[in-house]
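Residue-level listing of the chains:
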Amino acid sequence: MMILVAGHKGQVARSLAEAATRRKLALVALGRPELDLLQPETLKAAVKANAPTAIVNAAAYTAVDQAESEEDIATRINADGAANLASAASDAGVPFIHISTDYVFNGVKADSYSETDPVSPTGAYGRSKLAGEKAVLAANPQAIILRTAWVYSPYGKNFLKTMLSLATRQNLSVVADQFGNPTYAPDIADAILDILQTLDGSLPSDRQSGIFHLAGTGDASWYGFAEAIFDEGTKYDLPHPDVKAITTLEYPTPARRPANSRLDCSKIKQTFGIELPDWRESTATCVKRLSETGDLG
């Protein structure tokens, strides 16, 4: 197996590289300029040079607020670029996995969203990712699209690391009326490799292709997630600030976030036998790892 990953600096891409090394799988993660979703010719060249048996698109425009003023570039990357990579995988006859987002939903549903629920993004980023889902499936009907949510990891910038960096503050305000599934990037990576090893180089069947939800088990508000992070931090001598629960209206942002983006992940469990760990368990794992590397903020 040779896995080609688009993107090499992001949380999922870095987690994939680490997981593949652990499993002794051949994987190459490429970013710009070698593989640039804005430059279709680089995609074909990367596929030709590496002769992958599977391709994963972990590259994306993910600046949610900035996308409000850059929707064109977000769409070129998240839709056009993703579709071109999906097409390259189809031409090569290899499995293709694409990462999408909970932001395709508007957040008004009372309970968790399933794959068959209507989509209606509230902002430019969500619109670009939804356009990507449609474009990917049009270019490669056997693609596997994984919608995930609230991704955090030991890498890069994310909510968990931001909270740890703010732990020394006495007071902190965190939004408490948005709900979702905190999801650990290494758990996503393991799930992707499990899927690819199940396929073993074969293209997915109709049942195995299409859209799947993949997120941490259990849900939380941003406030609840923050409290859990700080509780774990105290195990490693970090202070626990006084966290105040606030509303979305009290923390305005350029992009409107869905109030509820909880994902029902039963389909991927039924199809591939995959169920991610409880988000609290993975939060503890991540904080412990950061404590061991001295990167607790």
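Residues numbered from 1 in each chain as written. Predicted model: local features only at pLDDT ≥ 70, side-chain atom pairs only at ≥ 80, totals over all residues. Heavy atoms only, no water.

### A word on the overall build of the protein
Right, on to step 1. Scanning the protein for helices and strands turns up 9 helices and 12 strands.
Right, on to step 2. Taking 19 Å as the expected radius of gyration for a compact globule of 297 residues, we find that the protein reaches 19 Å, a close match to that expectation.
Right, on to step 3. Seen through its C-alpha atoms, the protein measures out along the principal axes to roughly 55 × 40 × 40 Å.
Right, on to step 4. Each of the 297 residues in the protein was classed as buried or not, and the buried ones make up 53%.
Right, on to step 5. Partitioning the intrachain contacts of the protein with sequence separation of at least 6 by distance along the chain shows that 82% fall at a separation of at least 24.
Right, on to step 6. For the protein, the accessible surface area stands at approximately 12,900 Å², while carbon and sulfur atoms represent 50% of it. (Helix = DSSP H or I, 4+ residues; strand = E, 2+ residues; numbered from the N terminus. Rg over C-alpha atoms; globule rule 2.2 N^0.38 Å. Buried < 20%, exposed > 50% of the residue type's maximum accessible area, 1.4 Å probe, protein only. Contact = heavy atoms within 4.5 Å. Areas by Shrake-Rupley, 256 points an atom, 1.4 Å probe, with all protein chains shown as cover.)

### Comments concerning the packing of helix α1 (residues 11–23) against helix α6 (residues 185–199)
Right, on to step 1. Their axes nearest at 8 Å, the elements α1 and α6 cross at an angle of 55 degrees. Viewed along their axes, α1 and α6 adopt a mutual orientation that is oblique. Considering the relative orientation of α1 and α6, their crossing is right-handed. Only A185, P186, I188, A189, D190, I192, L193, D194 and Q197 of α6 make contact with α1, whose side of the interface consists of Q11, V12, S15, L16, A19, A20, R22 and R23.
Right, on to step 2. Residue composition of the contact of α1 with α6, by class: 10 nonpolar, 3 polar and 4 charged. (Axes fitted to C-alpha atoms, helices over the stretch in contact; angles between N-to-C directions. Parallel < 35°, antiparallel > 145°, perpendicular 65-115°, else oblique. Left-handed = near helix turned anticlockwise from the far one by under 90°. Nonpolar A, V, L, I, M, F, W, Y, C, P; charged D, E, K, R; others polar.)

### Quick look at helix α4 (residues 124–139)
Right, on to step 1. Between its first and last C-alpha atoms α4 spans 22 Å; for 16 residues at 1.5 Å apiece the expected length is 22 Å, and the two agree.
Right, on to step 2. Those residues of α4 that sit buried are A124, Y125, G126, S128, K129, L130, G132, E133 and V136.
Right, on to step 3. Buried residues belonging to α4 abut α3 (71–92), β4 (96–101), β5 (144–148) and β10 (210–213). (Expected span 1.5 Å × (residues − 1).)

### Notes on the packing of aromatic side chains
Right, on to step 1. The tally for this structure, following the rule as stated, stands at 10 aromatic pairs.
Right, on to step 2. Ring centres of F159 and W222 lie 4.7 Å apart, and the angle between their planes is 50 degrees; this geometry places the pair in the tilted category. Taken as a pair, F159 in helix α5 (residues 159–165) and W222 in helix α7 (residues 222–233) lie far apart in primary sequence, 63 residues in all. Here the two residues F159 and W222 agree in accessibility, since each one is buried.
Right, on to step 3. Directly above the aromatic system of F212 lies the positively charged group of K267, at a separation of 4.5 Å from the ring centroid. (Phe/Tyr/Trp six-rings, centres within 6.5 Å; stacked < 30°, edge-to-face > 60°. Lys NZ or Arg CZ within 6 Å of the ring centre and 35° of its normal.)

Remember, this is a structural readout, not a statement about activity or role.
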